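Coordinates in review
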Amino acid sequence: MRLIIENTPKEVARWTADHIIKRIKEKAARTDEPFVLGLPTGSTPLETYAELIRRYKAGDVSFANVVTFNMDEYRGLPADHEQSYHRFMWDNFFSHIDIKPENVNILDGMAADPKAECADYERRIAEAGGIDLFLGGIGEDGHIAFNEPFSSLSSRTREKTLTQDTILVNARFFDGDASKVPTTALTVGVGTVMDAREVVIIATGPKKARAVRHGVEEGVSHVWTISALQTHPAGIIVCDDPAAEQLRVSTYRYFKDIERDNLMSNR
């Protein structure tokens, strides 16, 4: 695992966007096949999306040959609902870049048969050749996508009941009214995320510090689904200083030293 510790959320966004653009260009240099990118929603990736949009407008990257798969969608919200993740992605990212609408994949929260919808999502990922890079955020309780504590670390895309903690955290998007937050969601599984060739998890702010500590320093456990990243051969956590504040000093210094050496060797 790599742990990238930046000073601010803006620097986290810049590092993450740089890394995604680098990977898109690397694949484009060796094949005409599309780059397959997994994407999250929520407040954490917003600055990364803004940076990717800025870089696209500057001519640094094209998304015309990128296929995306989003992590999750609320059950029972139509695509045009103001709090659906379909709406979130088009409002905050897709409408501002040159991605082809047919290359965007988001789970259908209104599917009549959610089990079939989830199975079809796994099939579509496989048909796309698998995900090259899965970008994700992290919940305060260490969940990735909507894989709440005690989710199987080998889980696949499925319908999942949301914990009360997650509902309360997300109530801020529903006028502060927890009763308006859907109680279930369709989500990729931990195993689905870990199948990606590379996984990048971003975490910012002190509320994510405990989750980062469990993801980096504690053992692999279904209590903290972020900890599954420890088993991935190309797993990266990118966080700011406040999100790293619960790490041991020796851990903090180790990763800072490693990345300083990486930076020097790449110059």
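Look up: the structure comes first, before these words.
Quick look at the structure, then. Every chain's residues receive numbers from 1 upward, in the order its sequence appears when written. In keeping with the model being predicted, local features are shown solely for residues with a pLDDT of at least 70 and side-chain atom pairs are shown and tallied solely at 80 or more, while totals for entire chains, interfaces and linings include all residues. Processing note: side-chain calculations cover all non-hydrogen atoms of the structure and skip hydrogens and water entirely.

**Re the overall build of the chain**
Counting secondary structure elements, the chain contains 8 helices and 10 strands. For this measure, only C-alpha atoms enter the radius of gyration; the expected value for a globule follows 2.2 Å times N^0.38, where N is the number of residues. Against the globule reference of 18 Å for 267 residues, the chain gives a C-alpha radius of gyration of 18 Å, in line with a compact fold. Projecting the C-alpha coordinates of the chain onto the three principal axes gives extents of approximately 55 × 40 × 35 Å. By the convention used here, residues are in contact when the closest approach between their heavy atoms is within 4.5 Å. Pairs at least 24 apart in sequence give 78% of the contacts found in the chain among residues at least 6 apart. Per element, the accessible surface of the chain, about 12,000 Å² overall, is 50% carbon and sulfur. Each helix is a run of DSSP H or I of at least 4 residues and each strand a run of E of at least 2, with the numbering of both proceeding from the N terminus. All accessible-area figures derive from a Shrake-Rupley calculation using a 1.4 Å probe, and residue coverage is judged against the displayed protein chains alone.

**Overview of the sheet that holds strand β4 (residues 72-74)**
With antiparallel pairing, the 3 strands of this open sheet are ordered in space as β4-β8-β7. Strand pairing shows two members of the sheet lacking a second neighbour, β4 and β7 (158-161), which therefore form its edges. Neighbouring strand axes in the sheet, compared pairwise and without regard to direction, differ in orientation by 30° on average. We call two strands paired when DSSP finds no fewer than two bridges between them. In this analysis, axes come from line fits to C-alpha atoms, helices being fitted only over the stretch in contact, and the angle between any two N-to-C directions falls in the range 0 to 180 degrees.

**Description of the packing of aromatic side chains**
What counts as a ring pair is set by centres within 6.5 Å for rings of Phe, Tyr and Trp (its six-membered ring), and what kind of pair is set by the plane angle: stacked under 30 degrees, edge-to-face over 60, tilted for all other angles. Going through the model one piece at a time under the given rule, you end up with 10 aromatic pairs. Here the aromatic rings of F69 and Y121 are separated by 5.5 Å at their centres, their planes lie at 80°, and the arrangement is edge-to-face. Taken together, the residues span a long stretch of sequence, with F69 in strand β3 (residues 66-70) and Y121 in helix α4 (residues 114-127) at a distance of 52 residues. Comparing F69 with Y121 shows no difference in burial state: the two are buried. Judged by centre distance (4.8 Å) and plane angle (35°), the ring pair of Y74 and Y85 falls under tilted. With Y74 in strand β4 and Y85 in helix α3 (residues 85-92), this residue pair connects regions lying 11 residues apart in the sequence. We note that Y74, like Y85, is buried. Relative accessibility under 20% of the residue-type maximum defines a buried residue, over 50% an exposed one, and the middle range a partly exposed one, all with a 1.4 Å probe and only protein chains included.

**What about the pairing of strand β8 (residues 184-187)?**
Burial along β8 is two-sided: T184 and L186 and A185 and T187, pointing in opposite directions, are all buried. As judged from the 4 bridges shared by β7 and β8, these two strands associate in the antiparallel manner. Considered in β8, the bridge of R158 is made with T187.

**Some words on the nonpolar core**
Counting 40 residues, the largest nonpolar core has F63, F93 and F94 as its most contacted members. Of all the elements in the fold, those that place two or more residues in this core are α1 (9-30), β2 (35-39), α2 (46-57), α3, β6 (133-136), β9 (199-203) and β10 (235-240). The element contributing the most residues to this core is α1, with 6 residues. Filtering out sequence-adjacent residues up to four positions away, F94 remains in contact with L39, T68, N70, M89, I99, V104 and I106. Only buried Ala, Val, Leu, Ile, Met, Phe, Trp, Tyr and Cys residues count toward a nonpolar core, and they belong to the same one when joined by side-chain atoms within 4.5 Å. With 37 residues, the next largest nonpolar core counts L3, I138, V199 and A211 among its residues.

**Some points on α1**
To estimate how far a helix should extend, the number of its residues minus one is multiplied by 1.5 Å. If you check α1, its first and last C-alpha atoms are 32 Å apart, about what 22 residues at 1.5 Å a residue would give, namely 32 Å. Among all positions of α1, only V12, A13, W15, T16, A17, H19, I20, I21, I24 and K27 are buried.

**A few points about the environment of A185**
In this fold, A185 is placed in strand β8. We classify A185 as buried; its relative accessible area is 0%. Along the chain, A185 and P114 lie 71 residues apart, while their C-alpha atoms are 9.7 Å from each other. In contact with A185, other than residues within four places in its own chain, are E73, Y74, R75, F146, R158, E159, K160 and L162.

**Focus on the sheet that holds strand β5 (residues 104-105)**
Read across the open sheet, the 7 strands follow the order β1-β10-β9-β6-β2-β3-β5; overall the sheet is parallel. Each having just a single partner strand, β1 (2-6) and β5 make up the two edges of the open sheet. The pairing of β2 with β6 spans 2 bridges and is parallel. Of the residues in β6, the one forming a bridge with L37 is L133. This element, α4, spans β3 and β5 of the sheet and lies at about 155° to β3.

**Re the pattern of salt bridges**
We count a salt bridge whenever a side-chain nitrogen from Lys or Arg sits within 4 Å of a carboxyl oxygen from Asp or Glu. A full pass over the atoms with the stated rule returns 21 salt bridges. The partner of E198 in a salt bridge is R23, and the shortest N-O contact between them spans 2.8 Å. One end of the pair, E198, is in the loop between α6 (190-194) and β9; the other, R23, is in helix α1, with 175 residues separating them in the sequence. Its relative accessible area of 8% is what places E198 among the buried residues. Across the pair R87 and D91 runs a salt bridge whose closest N-O atoms are separated by 3.0 Å. Highlighted residues: R87 and D91, both in helix α3, separated by 4 residues, approximately one helical turn. Under the relative-accessibility criterion, D91 is labelled partly exposed at 42%. The structure contains a network of salt bridges with shared partners spanning E117, D120, R123, R124 and E127.

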